[in-house]
Amino acid sequence: MRHIIVLVTALVLWVTAGGPLAAQDWEDRRVFGTPTSNEATLRILSSTDTVFLAPIIEGFIRANPDWAVEYLVTGTADADMLFRAAPDRYDILISSAMDLQLKLVNDGYAHALDGVEHPEWAMWRQSLFAFTSEPAAIVLNRAAFKGRELPQTRQELITALRERSDYFTGRVGTYDVRRSGLGYLFATQDARVSETYWRLMEVMGALNTRLYCCSGDMIDDVAEGRILAAYNVLGSYAAARQEEDDRFAIIQPSDFPTMMMRTGFVSVQSVHMDEAEAFLRHLVAAQTGQGAQAATSPLPPLAVSADGSAGAIIPLDPSLMAFQDRLKRRTFLEEWENAVIQ
Amino acid sequence: MAENVHISGSLRRRLTFSLIGGAAILAATLYLVARSYSAQIAQQGQDNILGAAVSSILDVAIMRDGAVEVDFPYASFSMLNTPSDDRVFYAIHQDDTLLTGYEDLPRAPIPVGEKLGFATVEYAGTSLRLVSASRTLVGADLRSQVTVSIAQTQDALAVAQNRISRNVALFGAGFFLLTALLSFWASATTIAPLKRLTQSITRRGPTDLSPVSKPVPSEMAPLVGSLNTLMARLEQSLTRSEEFIAEAAHRVRTPLATVRAHAENTYQRVEREDNRAALRAMMRAVDESSRAAGQLLDHAMVTFRSDNLEKEQIDLVALAGELVRNLSPVAEMKDIDLILQGDAVVEIEGDAILLQNAIRNLIDNALKYSPVESRIELNVTATPRPQVVVCDQGPGFPPDRMQALTNRFSRGENAGDTVGSGLGLTIARDVVAVHGGSIHLSNRAEGGACVTLSF
Ligand SMILES: Nc1ncnc2c1ncn2[C@@H]1O[C@H](COP(=O)(O)OP(=O)(O)OP(=O)(O)O)[C@@H](O)[C@H]1O
Ligand SMILES: [Mg+2]
């Protein structure tokens, strides 16, 4: 009998400690704090690089010293897939792909929190909470534009690329929207607003654009000069990198801005519901509380414009589900491939 | 007055309750109707938006190369945004196979002749409002039925409905309170004439039998009419019976006087002792009857005057003095001293004829029941209250049933063969009573009866 109990306990521990997940190929995986028991570990599945969230997680651990946080990083599309497959394995899901997040909440995967003080436009169903505002940016290699004016709009970028098409061939980059959820979100929102997007894609396609999974890689390559221009890069990542690396310029297109909000929610099947709620409240408070955290955190805060409205931010509402539609996505990707892959 | 009336309920309360009850029923009905109507309107609003979204998707469905393409506009979904962030589910079917959207989302049956079908369904653990519409697409060599269904939770609707319900409830409660207040006021004003009538009748003097002359509401007219008739009949029968008594007494007295005269005449001429005794008995009986008739007449007069009492300022001393003067011849026949003592002037409000009658009866008794060569004292004093005391030196009242002597036709054993009817003290008592005073009989320690009239 005793043996059986020990066996079962061991099995349970192995499962909850993420035994089978060990096989998962994480971009990053880090445990904050020292758990008093295996039970007291929050599991956060996220598309955000660890450095950006580390100060907030550490703040949470300081306030809850008995708890540990296991922070698991993967791409947005991947995170969505993993979470849908096993919503009980994660307590919190953080992602920059607003559309995927909203659809998860709509499909009933999120737990609603009572009484969170948050702007109406920055949350959905009291479940999904936005905690950053981040622009999509153009990142340019300064050396490549030496003695020339930096293009400030998409149209100017098109012109600049066309003028020196031989120079730029094979040296431009953007998201592979088929693989990246955030890339797909940026692309669909761009396409919704303006035809310019398609023309830019055709030009970049003609230049044999490289396709990336993640903003980090794009910024690296622009800095190193492997590519000279990258479109729809996460402005916040670029800004963070620029603090120690001045070889590239960040342009926020002035024709129309595309602003994304990073969002998080508590899994409806979370096994540590109270702690997960507490973490999310901590996260939201840190990102909106009068810039308290903003100074120390590399993560941009939720920008509330003077009139309290969302500004140019992609709205957090059911319209996000439109491009998540299977048929619509297929049509969009076909069109995108036609433009980009030539 | 009210203690001998049987009371069942109150008109005013009944009126108030029926008004308030009516108001409550009205307010409740108002609440229910307004709520269901507003719920209907709110539902209509959601249905319209869902219908528009479904139509906008269905509009762009086309058949290309034998395959259905639905590149629906972004707005189809953005229009479904609600303040409560309602969840949205959708499905697009080609014939019976799911093209895209949520699996096993039901389709709302579309009534024949209608473009849209509406239904409320359970899906994903909640209740949803579902709208479906379909269209036939014609390709090169096939026809296909495309059905678009969109469903939405009803959180915003529930919020709106709760708000409306609360407002309507507040409105209903206010309406009810107002009508309740109004019904108190209404019943009070309705009942007011009845109160006024009661007051005017209560305030009347005890003998005022005149008809009610103030105008009354038409509903009260029959009641007041009957009341007036009743009072008129009462007054009539009262007067009639008093007149009748007076008339009867008068009619009896005259022939009695004749009989008495004849008997006396005969008595003078008859010698035989037994005949004389018979005649004496006869004369005595006649005297008794005559006295009774007189006293009855006086009593009737007292009753009548009491009913229509006319008070004036009267000096009791002067009144007693006059009586003493009138009766002293009778007193002298019995060698009785009739003495008037007391204050100089004692004034009261009253009816002189009645008071005279009362005091005369007292002196009359004193003279009648006192022995010869005795004293009768009349004491008229003003303090502490106006009083008339008549005392004699006779045998006094029979002590065992003294107070009963004031009852009608009651005479004491000491009356013996003194002529009398037993009404004298009754008259005195009634006269004092109508002047708000009292009569008191007593015997003096040194012998003799005393009667005190206090006003
Ligand atoms: N002064 C008195 N002394 C003794 N007894 C009296 C005196 N006055 C009245 N009574 C007694 O009270 C009785 C009632 O008196 P009351 O005056 O009512 O009747 P009455 O004198 O008998 O008849 P009448 O109606 O003719 O006066 C008398 O019958 C008598 O017995
Ligand atoms: Mg008498």
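What counts and what doesn't
- Residues numbered from 1 in each chain as written.
- Chains lettered and ligands numbered in written order.
- Predicted model: local features only at pLDDT ≥ 70, side-chain atom pairs only at ≥ 80, totals over all residues.
- Heavy atoms only, no water.
- Pairing = 2+ DSSP bridges.
- Helix = DSSP H or I, 4+ residues; strand = E, 2+ residues; numbered from the N terminus.
- Axes fitted to C-alpha atoms, helices over the stretch in contact; angles between N-to-C directions.
- Contact = heavy atoms within 4.5 Å.
- Buried area = accessible area lost by both parts, 1.4 Å probe.
- Salt bridge = Lys/Arg side-chain N within 4 Å of Asp/Glu carboxyl O.
- Polar contact = N/O pair within 3.5 Å; in protein donor to acceptor, adjacent residues only side chain to side chain.
- Nonpolar A, V, L, I, M, F, W, Y, C, P; charged D, E, K, R; others polar.
- Near = heavy atom within 4 Å.
- Areas by Shrake-Rupley, 256 points an atom, 1.4 Å probe, with all protein chains shown as cover.
- Buried < 20%, exposed > 50% of the residue type's maximum accessible area, 1.4 Å probe, protein only.
- pLDDT = per-residue confidence, 0-100.
- Disulfide = S-S within 2.5 Å.

**Student:** Is there a simple way to explain the sheet that holds strand 13 (residues 438-443) of chain B in this structure?
**Tutor:** Strands pair in a sheet through their backbones, by hydrogen bonds, and they do so in one of two ways: parallel or antiparallel. All names here are of chain B. An order of 9-11-12-14-13 is seen for the 5 strands of this open sheet, with the pairing classed as mixed. At either end of the open sheet lies a strand with only one pairing partner, and these are strand 9 (337-342) and strand 13. Averaged over all pairs of adjacent strands, the angle between strand axes in this sheet comes to 15°, irrespective of strand direction. Sheet topology places strand 12 (residues 387-391) next to strand 14 (residues 449-454); 5 bridges connect them, and they run antiparallel. Following the sheet pairing, V390 is matched in strand 14 by V451. Across the sheet, helix 6 (residues 316-333) lies against strand 9, strand 11 (375-381) and strand 12, angled at about 170° from strand 9, the strand it touches most. Strand contacts of helix 8 (residues 424-434): strand 13 and strand 14, with the helix running at about 135° to strand 13, the strand carrying the most contacts.

**Student:** Honestly, the interface of chain A and chain B in this entry has me stumped. Any pointers?
**Tutor:** How big an interface is tends to be stated in terms of the accessible area lost upon association of its parts. Each side of the interface is counted separately: chain A has 23 residues, and chain B has 22 residues. Carbon and sulfur atoms supply 50% of the area that chain A and chain B bury against each other, a total of about 2000 Å² over both sides. The tally of links from chain A across to chain B stands at 2 salt bridges. One salt bridge in this structure joins K328 of chain A and D71 of chain B, with 2.8 Å as the shortest N-O distance. Linking chain A with chain B are 16 residue pairs in polar contact (both at pLDDT 80 or more), by the criterion used here. The set of elements that each furnish at least two residues to the side of chain A that touches chain B consists of helix 4 (98-106), strand 6 (123-124), helix 7 (181-193) and helix 12 (326-340) of chain A. No other element matches helix 12 of chain A, which puts 4 residues into the side of chain A that touches chain B. Classifying every residue of the side of chain A that touches chain B gives 9 nonpolar, 5 polar and 9 charged.

**Student:** What's the story with the sheet that holds strand 7 (residues 143-153) of chain B in this structure? I'm lost.
**Tutor:** Residue and element names in this part refer to chain B. Taken together, the 5 strands give an open sheet; going across it, the order is 4-3-7-6-5, and neighbouring strands pair in antiparallel fashion. Two strands lie at the open edges of the sheet, namely strand 4 (97-101) and strand 5 (116-123), each paired on one side alone. Neighbour-to-neighbour, the strand axes of the sheet open up by a mean angle of 25°, direction not taken into account. Relative to strand 7, strand 3 (residues 88-94) is paired through 7 bridges, and the arrangement is antiparallel. For F89, the partnering residue across the bridge sits in strand 7 and is A151.

**Student:** When you look at the site of ligand 1 in this model, what are you seeing that I'm missing?
**Tutor:** Residue and element names in this part refer to chain B. With respect to spatial proximity, 22 residues lie near ligand 1, and among them R291, N365, R411, N414 and S421 are the closest. A distance of 3.2 Å is found between an oxygen atom of ligand 1 and a backbone nitrogen or oxygen belonging to G424. For ligand 1, an oxygen atom lies 3.0 Å from a polar atom in the backbone of L425. For ligand 1, whose accessible area on its own is 590 Å², the fraction buried by protein is 99%. For the shell around ligand 1, the elements supplying multiple residues, two or more each, are helix 5 (273-307), helix 7 (352-369) and helix 8. Its residues assigned to classes, the shell around ligand 1 comprises 8 nonpolar, 10 polar and 4 charged.

**Student:** Whenever I open this one, the pattern of salt bridges confuses me. Can you help?
**Tutor:** Where charged atoms from two side chains of opposite charge approach closely, those side chains can pair. For the structure on display, the rule yields 36 salt bridges over all chains. R64 of chain B is the partner of E69 of chain B in a salt bridge, and the nearest nitrogen-oxygen pair spans 3.0 Å. Classification of R64 of chain B by relative accessible area gives partly exposed; the value is 43%. With its nearest N and O atoms 3.0 Å apart, the salt bridge here joins D274 of chain B to R272 of chain B. Given the relative accessible area of 46%, D274 of chain B is considered partly exposed. Three or more residues joined by partner-sharing salt bridges are found here, namely D220, E224, R241, D245 and R247 of chain A.

**Student:** I tried to follow the confidence of the model for chain B on my own but got confused; where do I start?
**Tutor:** Confidence in the prediction of chain B, expressed as mean pLDDT, is 90, and 99% of residues score 70 or more. Interface confidence for the predicted complex, expressed as ipTM, amounts to 0.86; the pTM equals 0.67.

**Student:** What should I look at first to understand the state of the cysteines in this one?
**Tutor:** By definition, a disulfide links two cysteine residues through a covalent bond between their sulfur atoms. All names here are of chain A. Throughout the structure, instances matching the rule amount to 2 disulfides over all chains. Disulfide pairing places C213 opposite C214 at an S-S distance of 2.1 Å. An S-S torsion of about -80° defines the bridge between C213 and C214 as left-handed. Accessibility expressed as a relative area gives 32% for C213, which makes it partly exposed.

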